[in-house]
Amino acid sequence: MSELNVITKQQLGKIDFNFEEIKTKLDEKMKEYEGALFTDESMTVAKKEVASLRKLKKALNDRKIEVKKEYMKPYDDFELKTKELMSLIDKPIELINGQVSDYEARRKQEKRVKISEIYNELSEEIKDCLPLNKIYDTKWENAGTSLKAIREDIEKVAESTLQAIQTINGMNSESKQKALDIYKDTLSLSDAITYINKYEQQKAEILARELERKQIEERRRQEQEIERIRQEERKRIEEENRIREEVRKETEESLLSIKVEESSKQSNTEDNKEVATFRVCGTAEEIEQVHMYLNSIGVEFERDDIE
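Residues numbered from 1 in each chain as written. Predicted model: local features only at pLDDT ≥ 70, side-chain atom pairs only at ≥ 80, totals over all residues. Heavy atoms only, no water.

The protein goes by DUF1351 domain-containing protein in an unreviewed UniProt entry, where it is assigned to Anaerosacchariphilus polymeriproducens.

Pasting the structure below:
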C-alpha cells in the first residue's frame, strides 16, 4: 500500500479582547473592598455586593466557555473526520492481524514441540530432577532464537544438574533422596547440601546421646554387678565364719568333755595319768586352736601333724 500523508492547513488561533481595560477597572473596584467592614445595619448592602461580584464572575466564565466552543469547532470537525478515516484502517488491521496471530500461534506450537524433543534427549535420571517447566524460557519461542541456542541452554543446565546429582549421591547420606527432592523443587545444590549437613548433624547428636545413654546404663549395670558380687562375698565370708564358730564351739565342747573324763580318771587312779590317743581333723587354724586349748588346761600331748 502506497504511503499516505495527512496534509493540513492550520492558522494559529488568536483571540483578542479588552483584557487590560477590564483588569484596570477591576483593580480599581477591588481596592474599594480592601479593609471593608460591614456592620449589622449594612449587612444587606454586603449581600448585594457579593451577589454583584458573583454575577460578574459568572459573566466572565460564560463568555470564556462560549469563546472556547467557537474556537474548538475547527478542531472538533477535524477530529471527527480523522476518527472516520482511522476506522477504515482498523478493518484490514483486524483481518491481517488475525492471520498473523494464527501464524505466530502455529509457529510457537511447532517450536514448543521441537523444544520438547530436545529436552527428551536427556537421560531419565536428569529429567526426573529437572522438569522442563522448571527451566523453560519463553524467549526460546521467539523466531530469532535458534534451535542450536536452545539445545546449548538445555545441555548446559543438564550438565549442571548431573554434577549436582553426583554430588548429592556422593555424600552417602540416608537423607539423599529427600535432598534430591529439594534440588528438584528448587534447582539449588546449596539448599540440598544444607539439608544433608543438617540431617547428619542431628543424626550425630542423636547417636551421641544414645551412646551416652548406653554407657551410663552399662556403668550402672557394672556397678550393680560389683555390688552383687560384694554382697555374695560378704555372705560367703559370714557363712565361713559361722561354720568356723560352730566348729570351734564343737571342739571346745569335745575338749571340755575330754577334760572332764580325764579328770575323773585321774581322780579314780589317785593322780595316776593315763595315755589316750585322739585324732583331730580340721583346718590349720582350728587345729591351732585345739593346740592352744590343750596347753591352757594343762593336758600333756604329742602333736604329730600329717600333711
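This part takes up the overall build of the protein. A tally of helices and strands in the protein yields eight helices and zero strands. Mapped in sequence order, the helices and strands of the protein form the string α-α-α-α-α-α-α-α. Counting the 307 residues in the protein, one finds 13% classified as buried. Here the contacts in the protein between residues at least 6 apart in sequence split such that 57% fall between residues at least 24 apart. On the protein, roughly 25900 Å² of surface is accessible, and the fraction owed to carbon and sulfur atoms is 52%. (Helix = DSSP H or I, 4+ residues; strand = E, 2+ residues; numbered from the N terminus. Buried < 20%, exposed > 50% of the residue type's maximum accessible area, 1.4 Å probe, protein only. Contact = heavy atoms within 4.5 Å. Areas by Shrake-Rupley, 256 points an atom, 1.4 Å probe, with all protein chains shown as cover.)

Turning our eyes to something else, we now look at the UniProt feature "coiled-coil region" (unreviewed entry) in the protein. UniProt marks residues 43-70 with the feature "coiled-coil region" (unreviewed entry), using the numbering shown here. Spanning residues 43-70, this segment combines 100% helix with 0% strand, and its end C-alpha atoms are found 41 Å apart. (UniProt positions renumbered as here; feature names shortened; annotations may be inferred.)

Examined against the element boundaries, K111 turns out to sit in helix α2 (residues 43-120). For K111, which is buried and forms no salt bridge, the nearest opposite charge comes from E141, at a distance of 8.5 Å. Polar contacts involving the side chain of K111 include one to the main-chain carbonyl oxygen of W140, which spans 2.9 Å. A distance of 2.9 Å separates the side chain of K111 from the backbone oxygen of N142, its partner in a polar contact. Residues in contact with K111, not counting those within four places in the same chain, are W140, E141, N142, T145, L147 and I150. (Lys, Arg positive; Asp, Glu negative; His and termini not counted. Salt bridge = Lys/Arg side-chain N within 4 Å of Asp/Glu carboxyl O. Polar contact = N/O pair within 3.5 Å; in protein donor to acceptor, adjacent residues only side chain to side chain.)

A word on the side chain of K127. Relative to the assigned elements, K127 resides in helix α3 (residues 124-129). The contacts of K127, once residues within four sequence positions are left out, are Y119, N120 and L122.

This next bit is on helix α8 (residues 284-296). Over its 13 residues, α8 extends 18 Å from the first C-alpha to the last, a length consistent with the 18 Å expected when each residue adds 1.5 Å. Positioned one or two residues after α8, G298 has a phi angle of 80 degrees, which is positive. (Expected span 1.5 Å × (residues − 1).)

Looking at the protein as a whole, its pLDDT mean stands at 83, while 87% of the residues score no less than 70. Here α8 stands out as the element of the protein with the lowest mean pLDDT, 76, in contrast to helix α5 (residues 147-170), whose mean of 90 is the highest. (pLDDT = per-residue confidence, 0-100.)

Here the focus is the pattern of salt bridges. This structure, assessed with the given rule, holds 25 salt bridges. The closest approach of N and O atoms between D27 and K23, which form a salt bridge, is 3.3 Å. On the criterion of helical spacing, the pair formed by D27 and K23 is a turn pair, its members being four residues apart in helix α1 (residues 19-31). Residue D27 is classed as partly exposed on the basis of its relative accessible area, which comes to 38%. By relative accessible area, which is 39% here, K23 ends up partly exposed. One salt bridge in this structure joins K127 and E124, with 3.1 Å as the shortest N-O distance. Taken together, the positions of K127 and E124, both in helix α3 and three residues apart, correspond to about one turn of that helix. If you follow the salt bridges from partner to partner, you end up with E233, R236, E240 and R244 in one network.

A few words now on helix α6 (residues 176-186). Those residues of α6 lying buried are A179, L180, I182 and Y183. Buried positions in α6, seen along its axis, are confined to an arc of 160 degrees and lie on one side of it. One or two residues past the end of α6 sits L187, with phi positive at roughly 55 degrees. (Arc of directions from axis to C-beta.)

So, about the nonpolar core. Membership of the largest hydrophobic core is limited to twelve residues, which are I115, I118, Y119, L122, I126, L130, L132, I135, W140, I150, I154 and A158. Only α2, α4 (132-135) and α5 provide two or more residues apiece to this core. Setting aside residues no more than four positions away along its own chain, Y119 makes contact with K127, L130, P131, L132 and I154. (Core = buried A, V, L, I, M, F, W, Y, C linked by side-chain atoms within 4.5 Å.)

We now examine the packing of α5 against α6. Orientation of α5 relative to α6, taken along the N-to-C sense of each, is 155 degrees, at an axis distance of 9 Å. In terms of their interaxial angle, α5 and α6 are classed as roughly antiparallel. Read as a crossing pair, α5 and α6 show a hand that is right-handed. For the pair α5 and α6, contact is made by S160, T161, A164, I165, I168 and N169 and by K176, A179, L180 and Y183, respectively. Partitioning the contact of α5 with α6 into residue classes produces six nonpolar, three polar and one charged. (Axes fitted to C-alpha atoms, helices over the stretch in contact; angles between N-to-C directions. Parallel < 35°, antiparallel > 145°, perpendicular 65-115°, else oblique. Left-handed = near helix turned anticlockwise from the far one by under 90°. Nonpolar A, V, L, I, M, F, W, Y, C, P; charged D, E, K, R; others polar.)

To continue, consider the packing of aromatic side chains. Scanning the model with the defined rule gives one aromatic pair in all. Ring geometry for Y136 against W140: centres 5.6 Å apart, planes inclined by 65 degrees, an arrangement best described as edge-to-face. (Phe/Tyr/Trp six-rings, centres within 6.5 Å; stacked < 30°, edge-to-face > 60°.)

Here the focus is unusual backbone geometry. For N172, which is not glycine, the phi dihedral falls at a positive 50 degrees. In this fold, N172 is placed in the loop between α5 and α6. Even without being glycine, L187 reaches a positive phi, approximately 55 degrees. Within the fold, L187 resides in the loop between α6 and α7 (189-268). For L187, a relative accessible area of 28% translates into the label partly exposed.

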